[in-house]
Amino acid sequence: MAEATQTTKPTHWPRTAKGNGKKACTVEGCKRPYRAKSYCFFHFKKWRQGELPHTRYRVCSKPECRAKVGPKAGLCEKHFAETYKKEAAA
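Note that the structure is predicted; figures quoted are calculated from it, not measured.

Asks: It is not clear to me how the overall build of the protein should be interpreted in this structure. Could you clarify?
Replies: The secondary structure content of the protein amounts to two helices and zero strands. Every one of the 90 residues in the protein was classed for burial, and the buried ones make up 20%. By element, 52% of the accessible surface of the protein is carried by carbon and sulfur atoms, the whole surface being about 8,100 Å².

Asks: Which parts of the structure should I look at to understand helix α1 (residues 41-48)?
Replies: Within the sequence span of α1, burial applies to H43, F44 and W47. For α1, the arc enclosing every buried residue in end-on projection is 105°, short of the 170-degree limit, so these residues lie on one face. Among the residues trailing α1, G50 stands out with phi positive, at a value near 85°.

Asks: Please clarify how the packing of aromatic side chains should be interpreted in this entry.
Replies: Where two aromatic rings form a pair, the distance of their centres and the angle of their planes describe that pair. Across all of its chains, the model carries two aromatic pairs by this definition. Ring centres 5.6 Å apart and planes at 20° place the aromatic pair F44 and W47 in the stacked group. With F44 and W47 both in helix α1, this residue pair falls three residues apart, about one helical turn. By relative accessible area, which is 16% here, F44 ends up buried.

Asks: Looking at this model, I keep getting lost on the side chain of H43. Mind explaining?
Replies: By secondary structure assignment, the location of H43 is in helix α1. Since its relative accessible area comes to 11%, H43 is described here as buried. Look past the residues within four positions of H43 in its chain and what remains in contact with it is C25, V27, C30, R32 and L52.

Asks: I would appreciate a short explanation of the side chain of H79 in the present structure.
Replies: Here H79 shows up in helix α2 (residues 77-89). Take H79: its relative accessible area is 14%, and that puts it in the buried class.

Asks: What is the right way to read the nonpolar core from this model?
Replies: Most often, soluble globular proteins have nonpolar side chains that are buried together. By size, the foremost hydrophobic cluster in this structure holds eight residues: C25, C30, A36, Y39, C40, F44, W47 and L52. Look past the residues within four positions of F44 in its chain and what remains in contact with it is A36, K37 and Y39.

Asks: How do you make sense of the environment of C25 when you look at a structure like this?
Replies: Examined against the element boundaries, C25 turns out to sit in the segment before α1. The exposure class assigned to C25 is buried, which follows from its relative accessible area of 6%. With sequence-adjacent residues up to four places away left out, C25 is seen in contact with C30, R32, P33, Y34, S38, Y39, C40 and H43.

Asks: Teacher, can you tell me more about the environment of T83 here?
Replies: Within the fold, T83 resides in helix α2. The exposure class of T83 is partly exposed, given its relative accessible area of 24%. Apart from the residues lying within four places of it in its own chain, the contact partners of T83 are K62 and L75. Looking at T83, its side chain comes within polar contact range of the main-chain oxygen of H79, at 2.8 Å.

Criteria and thresholds
Residues numbered from 1 in each chain as written. Predicted model: local features only at pLDDT ≥ 70, side-chain atom pairs only at ≥ 80, totals over all residues. Heavy atoms only, no water. Helix = DSSP H or I, 4+ residues; strand = E, 2+ residues; numbered from the N terminus. Buried < 20%, exposed > 50% of the residue type's maximum accessible area, 1.4 Å probe, protein only. Areas by Shrake-Rupley, 256 points an atom, 1.4 Å probe, with all protein chains shown as cover. Arc of directions from axis to C-beta. Phe/Tyr/Trp six-rings, centres within 6.5 Å; stacked < 30°, edge-to-face > 60°. Contact = heavy atoms within 4.5 Å. Core = buried A, V, L, I, M, F, W, Y, C linked by side-chain atoms within 4.5 Å. Polar contact = N/O pair within 3.5 Å; in protein donor to acceptor, adjacent residues only side chain to side chain.

Structural data, given as structure tokens:
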């Protein structure tokens, strides 16, 4: 009788580092090779979940404002209204 052979397929893509592992993660103290956005797989996951200070989208150019930028002038809706309503009223 012939034996049945089983081949296993990977269920997910392996986590591979880019740059052949020569470049390190940009988070201070982390020595893992980077994978995406200059982060290792661990910090990239944290970045995607919003746990790192960088954002996934462009933020308002006003200091201390981290709201998402609206479609105009690089400002959030609040600061855009404050800035351009003053100019329109003058």
